[in-house]
Each structure stands twice: as C-alpha cells, then as structure tokens.
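Results of the structural survey
Chain by chain, the residues:
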Amino acid sequence: MSSSQVKSATRVLDVLETLAGNAQPTPTMAIARECGIPKSSAHHLLNVLQERHYVVYYEREHAWGLGVKTFEVGSTYLRRTPLQRLGRPVLEEVCAEIEETCHLAILHGADVLYLDKEQPDGQGPSLVTDIGVRLPAHLTAVGWAILSQLSEAQVRAVFGAGPMVNRTGAGPDDLDSLLADLGDTRQRGYAFDDQMVTPGICCIAAPVFSHENLPVAAIGISYLAAKSDDLLVSGYSKVVAGAAQELSVKLGWQQQGSGRTAA
C-alpha cells in the first residue's frame with residue numbers, strides 16, 4: 001500500500017471518529033478543522049462516504065452525521081463478540097421460561113449499550129432498549145447492576161461532577177443518591193428499575209463477571225409495572241441472577257476465592 005493510500009485511509013478514519021465523537025451533526029469546515037485536513041479533501045472524503053452510506057448529509061443543518069452503514073458494521077462486531085455469542089442462548093432460555101423481554105448490556109462511559117435482546121412471541125410492551133441503543137446508566141437496572149460492583153471512586157470517575165439527566169421523574173438526581181441506591185443494589189444482589197426509563201415498565205437485572213472477576217455486563221428482564229408485586233420480583237430476581245451466573249461461568253468466572261458472587 002502506498003503512503004498516499006495510507007494517508008487517505010487515516011483521514012477517512014479521522015472523519016468517522018470525529019462524527020462519532022460529536023453529539024450533533026457537524027459542518028464540513030468543522031470536520032476539516034478537527035481532522036487537520038484541507039476543506040476540499042474533507043468534502044471529497046465525505047462525498048465518497050455518503051455514496052457508501054457511512055455518513056449522511058443533513059440539508060437543513062448543512063452538516064454531516066454517521067450513516068446507517070456505520071451502525072450495521074458496529075452491530076456486526078457486537079453480534080460476533082464472545083460476550084454476545086455466549087449470552088444469546090442464555091437470553092433465549094430466560095425468555096422462554098418467563099415470557100418476558102430480556103437484555104444483555106454493557107457499560108459504555110456513563111451510559112449502557114444494549115448488545116442483545118430477546119422478546120417473547122406475540123405482542124409485548126413497547127421498549128426503547130433495542131440492540132445498539134444507549135441509555136443513561138444511572139436510570140437502568142442493567143446499569144445499576146454493573147455500577148454496584150464498582151468502587152465509589154470508580155463510580156465518581158464515571159459520572160464526574162455534572163448534573164444527572166432524568167426521563168420520568170424517577171431515579172437518582174445526584175451522585176450521592178445514586179451511590180446510596182447502588183449500595184442497596186449490591187446488598188440485595190440484583191438491581192430494580194421502577195419506571196426510571198419508560199413509564200409503565202420495570203426491569204430487574206444482575207451483573208455478569210469475566211474470568212478476571214470484573215463486572216463486564218448485565219442481564220435484565222423488562223416487564224409491565226402493572227403486574228409487579230413482591231412475589232413476581234422475587235421470582236424474576238432469582239431467574240435473572242441464575243442467568244447472570246450462568247453467563248459468568250461461560251466467560252470463565254469462578255466464584256471460589258473471587259470475593260464476589262455473580263448475582
């Protein structure tokens with residue numbers, strides 16, 4: 001490969017990473033400036049990427065954003081990771097047993113990223129937790145399940161000193177409240193989301209551990225809040241704890257001497 005080809009490939013990656021790091025669509029001039037390339041070169045690269053559907057141009061904003069092909073490539077990677085491959089049959093088993101929607105998610109900064117989802121046959125509740133969706137970790141049961149296994153210093157490092165968003169009026173509104181909730185979660189052994197993401201939807205989740213005894217993911221069960229009671233919560237918490245432990249063992253986790261449990 002020639003040096004010019006390497007340079008072009010580097011610029012393409014710089015453009016995609018710039019768009020991925022910006023919350024809003026980005027004008028050509030701003031992309032060129034952030035990537036350190038001439039505006040004419042940025043414009044040419046963006047047009048090529050647009051033809052291949054890696055970026056999309058928003059006429060009204062006169063700016064660029066990531067295209068559907070980028071999501072497809074990322075989703076393919078997620079589907080092929082060991083975590084997702086090993087987790088898929090676990091989700092299928094849980095879904096078949098309790099006929100509720102099940103999720104597998106990881107912590108991604110201060111958000112959770114949903115890697116996989118299994119739904120029962122027939123009409124179920126409408127959920128925002130599709131594969132590839134990111135949600136604030138402090139508002140989800142899967143997020144609490146993972147965060148509860150981190151130290152206070154690690155949790156503070158994740159969230160910093162900024163304000164915490166709220167979706168439904170439920171859930172912690174500051175870091176101290178979150179830390180208290182995480183302490184309760186850790187003691188209980190599972191996380192419980194009482195309509196923090198979507199009104200009318202509850203979720204129960206448990207952490208998944210790696211062979212290094214680190215919390216790498218969480219399995220969650222979502223269900224209608226109207227059917228929630230102590231008996232159901234108790235039953236679902238045992239199911240999700242068992243599922244999380246099963247996946248942890250598949251990932252090489254060993255409870256003996258770990259100082260942690262996988263549920």
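Residues numbered from 1 in each chain as written. Predicted model: local features only at pLDDT ≥ 70, side-chain atom pairs only at ≥ 80, totals over all residues. Heavy atoms only, no water.

**A few points about the overall build of the protein**
How we decide: In this text, helices come from DSSP runs of H or I with a minimum length of four residues, and strands from runs of E with a minimum of two, each type numbered from the N-terminal end. Residue exposure (1.4 Å probe, protein chains only): buried if accessible area is under 20% of the type maximum, exposed if over 50%, otherwise partly exposed. When checking whether two residues touch, look at their non-hydrogen atoms; a contact exists if any pair is within 4.5 Å. Residue exposure ignores everything except the shown protein chains as possible cover, and the areas themselves are Shrake-Rupley values with a 1.4 Å probe. In this tally Asp and Glu are treated as negative and Lys and Arg as positive; neither His nor the chain ends contributes. Lys charges are placed at NZ, Arg charges at CZ, Asp charges at CG and Glu charges at CD.
If you tally the helices and strands in the protein, you get 9 helices and 8 strands. The principal-axis extents of the C-alpha atoms in the protein amount to approximately 65 × 45 × 40 Å. Taken over 263 residues, the protein has a buried fraction of 43%. Counted over contacts in the protein with a minimum sequence separation of 6, partners at least 24 positions apart contribute 55%. Per element, the accessible surface of the protein, about 13,800 Å² overall, is 52% carbon and sulfur. Averaging the locations of the 21 positively and 29 negatively charged side chains of the protein gives two centres separated by 9 Å.

**Re the domain arrangement of the protein**
Applied cut-off: Each domain span listed reflects an automatic or database assignment of domains.
In terms of domain boundaries, the protein breaks down into domain 1 (7-72) and domain 2 (81-250). A separation of 34 Å is found between the C-alpha centroids of domain 1 and domain 2.

**Topic: helix H3 (residues 39-51)**
Definition in use: Multiplying 1.5 Å by the helix residue count minus one yields the expected span of that helix. Think of it as the arc spanned by the lines of direction from the helix axis to the C-beta atoms.
Between the first and last C-alpha of H3 there are 18 Å, a value that for 13 residues agrees with the 18 Å anticipated at 1.5 Å per step. The complete set of buried residues in H3 reads Ala42, Leu45, Leu46 and Leu49. Along the axis of H3, the buried positions cluster into a sector of 100°, meaning they face one direction only. In H3, the exposed residues that point more than 90 degrees away from the buried face are Ser40, His44 and Glu51. Contacts from the buried residues of H3 go to helix H1 (3-21), helix H2 (28-35), strand E1 (55-58) and strand E2 (63-66). Just downstream of H3 lies His53, where phi reads positive at about 70°.

**Side note on the side chain of Glu100**
Our working rule: Pairs of N or O atoms within 3.5 Å make up the polar contacts considered here, provided that, within protein, one atom can donate a hydrogen while the other can accept it, and that residues adjacent in sequence are counted only when both atoms are side-chain atoms.
Tracing the chain through its elements places Glu100 in the loop between helix H5 (82-98) and strand E3 (101-108). Polar contacts involving the side chain of Glu100 include one to the side chain of Lys227, which spans 2.6 Å. At a separation of 2.8 Å, a polar atom in the side chain of Glu100 contacts the side chain of Tyr236. Discounting residues that sit within four places of it in the chain, Glu100 has contacts with Cys95, Glu118, Pro120, Ile221, Ser222, Tyr223, Lys227 and Tyr236.

**Section: the nonpolar core**
Quick note on the threshold: For our purposes a nonpolar core is just a set of buried Ala, Val, Leu, Ile, Met, Phe, Trp, Tyr and Cys residues, chained together by side-chain atoms within 4.5 Å.
With 30 residues, the main nonpolar core has Leu83, Ile219, Ile221 and Leu247 as its most contacted residues. Broken down by secondary-structure element, the contributors of at least two residues to this core are H5, E3, strand E4 (111-118), strand E7 (201-209), strand E8 (215-224) and helix H9 (230-250). By residue number, the principal contributor to this core is H9, which donates 8 residues. When residues no more than four places from it in sequence are discounted, the contact partners of Leu83 are Leu104, Ile106, Leu115, Val216, Ala217, Leu247 and Leu251.

**Regarding the environment of Gln195**
Here Gln195 shows up in the loop between strand E6 (191-194) and E7. Judged by relative accessible area, Gln195 falls into the partly exposed class, the value being 28%. For the pair Gln195 and Leu139, spaced 56 residues apart in sequence, the C-alpha to C-alpha distance is 8.9 Å. Separated by 3.3 Å, the side chains of Gln195 and Asp194 make a polar contact.

**Side note on the confidence of the model for the protein**
What counts, and what does not: pLDDT: the predictor's confidence for each residue, scored from 0 to 100.
The predicted model of the protein averages 86 in pLDDT, with 90% of residues at 70 or higher. At the low end of the mean pLDDT range in the protein sits helix H4 (residues 68-80), at 68; at the high end sits helix H6 (residues 141-147), at 95.

**Comments concerning the pattern of salt bridges**
The criterion, for reference: Salt bridges are defined as contacts in which a side-chain nitrogen from Lys or Arg sits within 4 Å of a carboxyl oxygen from Asp or Glu.
Overall, the coordinates contain 8 salt bridges when judged by the stated rule. The partner of Lys227 in a salt bridge is Glu100, with the nearest N and O atoms 2.6 Å apart. Residue Lys227 is located in the loop between E8 and H9, and its partner Glu100 is located in the loop between H5 and E3; the two are separated by 127 residues in the primary sequence. Lys227 sits in the partly exposed class, given a relative accessible area of 39%. Between Arg156 and Asp176 there is a salt bridge; the shortest N-O distance is 3.2 Å.

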